[in-house]
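Each chain, written out:
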Amino acid sequence: MIKRPLVIMLLSFILGSIITKLKVPVVLGIILIVFIGIILVQYVLKISNRYVSSQDKFLILLPVLLYFGFLLMSRQQIPNPMDHFFEDKVMGNITGTVSMIVDKGDNTTVYLKNNQIQISKHSMLFPSSQLILYSKNTKQLKIGNKIQVYGEIRKFRPATNYGQFDEAFYNKINGIDYKVYEKNTKIVDAGFNHLKQGLYELKLGLVNVYSSILNEKNAGLVSAMLLGEKSMLGEEMKDLYKENGITHILAISGFHVSLIGLTFYKILNFIGLNQLASTLISTFVIYCYGILTNLSVSTGRAVVMLIVSLFANVVWRTYDLLSSLSLSALLILIQNPMAIYDAGFLLSFGAVLGIGVIAPVFRKLTDDLFKDLLKKYKTADIGKKNLPYIIEDLKVSKENYHKLICKYILILFKGVTDSAFLCFSINLITIPILLYFFYELPIYSLIVNLLILPPMSLLTFLSILGGITGCFNHYLGTFFIGGAHYILEFYQAMCEFFRSLPGHMLITLYYFYLFFL
């Protein structure tokens, strides 16, 4: 019997998305062969073993998911019909709904959905699912407003050289058709989404708090880490973190979502709410946090996985990381099949795959090794480190103190070893992805990640406390966020030190060509 059907279903959908490069008759033939194969195995030959059994009814859905993946990917790759009516840019009128606002100081980026476009010298209307509007006068706009814009519509530029950033393909992945430079904007319908607008204003308030109690550099870092707001993040700090392989801490990830969501969940349990009520309220808070941070691919993955984890406790089921990962990937790809080509998607899911598949292998090896070593020190159970067991250890006779010391040194060493193997497992998956997209490899990234991870929880808690309390009292916010300031200064000093070491960055594309030349 197949233990993780969601993994198989996800792979079937991805296969359907990939085979869009083939001709339609070939694709339909593949789907038909898969369907006939499943029927033969399950219902004609009635094969049943430890891997597949007649109970695996979900297998009949695989051809459907294969076709579904093919259909959705094919639809997303169809160019907008309006492309044929202008070369590079054209003036036009756009009517659409504000879906997201990203404040960048002097300029504001507005995302419009459900658009209708009428270009100059053409009477017909062209639909567009999503546009980017660049504007300097959007203070009056709210999320959910229906607006009419007159401006210059431009196509995104494709890459002209190998390895160059492909603006057209990048925005195609995100489902964005064109960019618009505003000449005139007016609100057609002033109705707005109260929840999303409220969260957007909350984010702006927190950004202002961080700007008032931190220097510009650290305010930008904290805003990026906690709020997904990167408009204040300087290029110098961005490059410094990138060259040390720790840009992942600038993205909202599973760490931030889990830390905030689980802390809130435990507080609700502590004050006496039952499990179901705590889960429902925590789910709403996690969803709101995702909206607050613009719900990137990595945030969406983390939100889905944490919600699945919380509801697994409610229905008394065991949480399975790989099944939860597959469900979140399937939900994201159904909405946007081309996300499979996005570096953020691949890095986010690749990192969790390393944690769920490769890290347990290393953990099993170290557990077996350390259990053998610890047999001579009171107990062989590495996991029992709580207070009763520590007190029991302290009751040993004086002549056995050296054994006690050796035991806790081994436990500490195992913790360090597990952290190192965890980082190594993540890197095994993500390094090939980084090399494919960016052609650079930070040589000391494993060491840097081992050093930055321990203070991350404290940094996040202090930043959250500083932001919330700073909304009410400037001095109280400054008090809490003082520790976060020094942690960020430590990060910067450490990154600068490793950047100064010889050979800190390997430019793989250069060496690849040099090797063949």
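Residues numbered from 1 in each chain as written. Predicted model: local features only at pLDDT ≥ 70, side-chain atom pairs only at ≥ 80, totals over all residues. Heavy atoms only, no water.

**Looking at the overall build of the chain**
So, step 1. The helix and strand inventory of the chain stands at 18 helices and seven strands.
So, step 2. Here the chain holds 517 residues, and the buried ones make up 41% of them.
So, step 3. For the chain, long-range pairs separated by at least 24 residues make up 72% of all intrachain contacts whose partners lie at least 6 apart in sequence.
So, step 4. In the structure as shown, the chain presents an accessible area of about 28200 Å², 66% of it carried by carbon and sulfur atoms. (Helix = DSSP H or I, 4+ residues; strand = E, 2+ residues; numbered from the N terminus. Buried < 20%, exposed > 50% of the residue type's maximum accessible area, 1.4 Å probe, protein only. Contact = heavy atoms within 4.5 Å. Areas by Shrake-Rupley, 256 points an atom, 1.4 Å probe, with all protein chains shown as cover.)

**Side note on the packing of helix H5 (residues 194–213) against helix H17 (residues 474–500)**
So, step 1. Between H5 and H17, the least distance of the axes is 10 Å, while the angle of their chain directions is 75°. Classified by the angle between their axes, H5 and H17 sit roughly perpendicular to one another. Along its contact with H5, which presents Tyr 210, Ser 212 and Ile 213, the element H17 presents His 474, Gly 477, Thr 478 and Ile 481.
So, step 2. Taken together, the residues of the contact of H5 with H17 sort by class into three nonpolar, four polar and no charged. (Axes fitted to C-alpha atoms, helices over the stretch in contact; angles between N-to-C directions. Parallel < 35°, antiparallel > 145°, perpendicular 65-115°, else oblique. Nonpolar A, V, L, I, M, F, W, Y, C, P; charged D, E, K, R; others polar.)

**Some remarks on helix H15 (residues 445–452)**
So, step 1. Inspection of H15 places Ser 445, Val 448, Asn 449 and Ile 452 among the buried residues, and these make up the whole buried set. In a view along the axis of H15, the buried residues occupy a sector of 100°, so they form one face of it. (Arc of directions from axis to C-beta.)

**Some points on empty space enclosed by the protein**
So, step 1. Taken as a whole and assessed by the stated rule, the structure comprises one cavity of 30 Å³ or more.
So, step 2. Every residue lining the largest cavity is listed: Val 257, Ile 260, Gly 261, Val 285, Ile 286 and Tyr 289.
So, step 3. Taken together, the elements giving at least two residues each to the lining of the largest cavity come down to helix H8 (254–270) and helix H9 (275–292).
So, step 4. Among the residues making up the lining of the largest cavity, the classes are represented as five nonpolar, one polar and no charged. (1 Å grid on protein atoms, 1.4 Å probe; cavity = no way out; pocket = protein on both sides within 12 Å on 5 of 7 lines; lining within 4 Å. Points joined across faces, edges and corners; volume = space filled by probe spheres on them.)

**A short note on the confidence of the model for the chain**
So, step 1. Confidence along the chain averages 83 in pLDDT terms, with 88% of residues attaining 70 or more.
So, step 2. With pLDDT under 50 throughout, residues 379–384 is counted as low confidence; its partners more than four residues away or in other chains account for 11 contacts. (pLDDT = per-residue confidence, 0-100.)

**Quick word on the pattern of salt bridges**
So, step 1. Taken as a whole and judged by the stated rule, the model has seven salt bridges.
So, step 2. Arg 499 is paired through a salt bridge with Glu 243; the nearest N and O atoms lie 3.5 Å apart. In this pair, Arg 499 is assigned in helix H17 and Glu 243 in helix H7 (residues 235–243), connecting sequence segments 256 residues apart.
So, step 3. According to the relative accessible area criterion, Arg 499 is partly exposed, its value standing at 30%. (Salt bridge = Lys/Arg side-chain N within 4 Å of Asp/Glu carboxyl O.)

**Quick notes on the environment of Thr 20**
So, step 1. If you trace the backbone, Thr 20 turns up in the loop between helix H1 (5–18) and helix H2 (24–44).
So, step 2. At 2.9 Å, the side chain of Thr 20 forms a polar contact with the backbone oxygen of Ser 17. (Polar contact = N/O pair within 3.5 Å; in protein donor to acceptor, adjacent residues only side chain to side chain.)

**Topic: the environment of Gly 503**
So, step 1. By the secondary structure assignment, Gly 503 is in the loop between H17 and strand E7 (505–507).
So, step 2. The exposure class of Gly 503 is exposed, given its relative accessible area of 52%.
So, step 3. Through-space distance from the C-alpha of Gly 503 to that of Pro 442 is 8.8 Å; in sequence the pair is 61 residues apart.

**Remarks on the environment of Val 90**
So, step 1. Mapped onto the elements, Val 90 comes out in strand E1 (residues 89–104).
So, step 2. Along the primary structure Val 90 and Lys 121 are separated by 31 residues, whereas in three dimensions their C-alpha atoms are 9.9 Å apart.
So, step 3. Those residues in contact with Val 90, other than ones at most four positions away along the chain, are Ile 119, Ser 120, Gly 151, Glu 152 and Ile 153.

**Describing the side chain of Ser 17**
So, step 1. Along the chain, Ser 17 turns up in helix H1.
So, step 2. Judged by its relative accessible area of 3%, Ser 17 falls in the buried class.
So, step 3. Not counting residues within four places of it along the chain, the set of residues in contact with Ser 17 comprises Gly 69, Phe 70, Met 73 and Pro 337.

**Looking at unusual backbone geometry**
Backbone geometry follows two general trends: most residues other than glycine have a negative phi, and most peptide bonds adopt the trans configuration.
So, step 1. Positive phi values are uncommon outside glycine, yet Asn 114 reaches one of about 50°.
So, step 2. With respect to the helices and strands, the residue Asn 114 is situated in strand E2 (residues 107–119).

**Considering the layout of surface pockets**
So, step 1. Quantified by volume, the second largest pocket comes out at close to 610 Å³.
So, step 2. In this structure, the second largest pocket is lined by 21 residues; those nearest its centre are Ile 260, Val 285, Tyr 289, Ile 464 and Ile 468.
So, step 3. Counting residues per element, the ones that place at least two in the lining of the second largest pocket are H5, helix H6 (216–227), H8, H9 and helix H16 (456–470).
So, step 4. Residue composition of the lining of the second largest pocket, by class: 19 nonpolar, two polar and no charged.

**What to know about the nonpolar core**
Looking at soluble globular proteins, one finds that nonpolar side chains tend to be buried together.
So, step 1. In this structure, Tyr 210, Tyr 241, Ile 249 and Tyr 491 are the most contacted members of the largest nonpolar core, which totals 46 residues.
So, step 2. The element best represented in this core is H17, accounting for eight residues.
So, step 3. Other than its neighbours up to four places away in sequence, Tyr 210 contacts Ala 219, Val 222, Ser 223, Leu 226, Leu 227, Ser 463, Ile 464, Gly 467 and Ile 481.
So, step 4. If you look at the next biggest cluster of nonpolar residues, it comprises 21 residues, including Ile 143, Tyr 178, Val 180 and Tyr 200. (Core = buried A, V, L, I, M, F, W, Y, C linked by side-chain atoms within 4.5 Å.)

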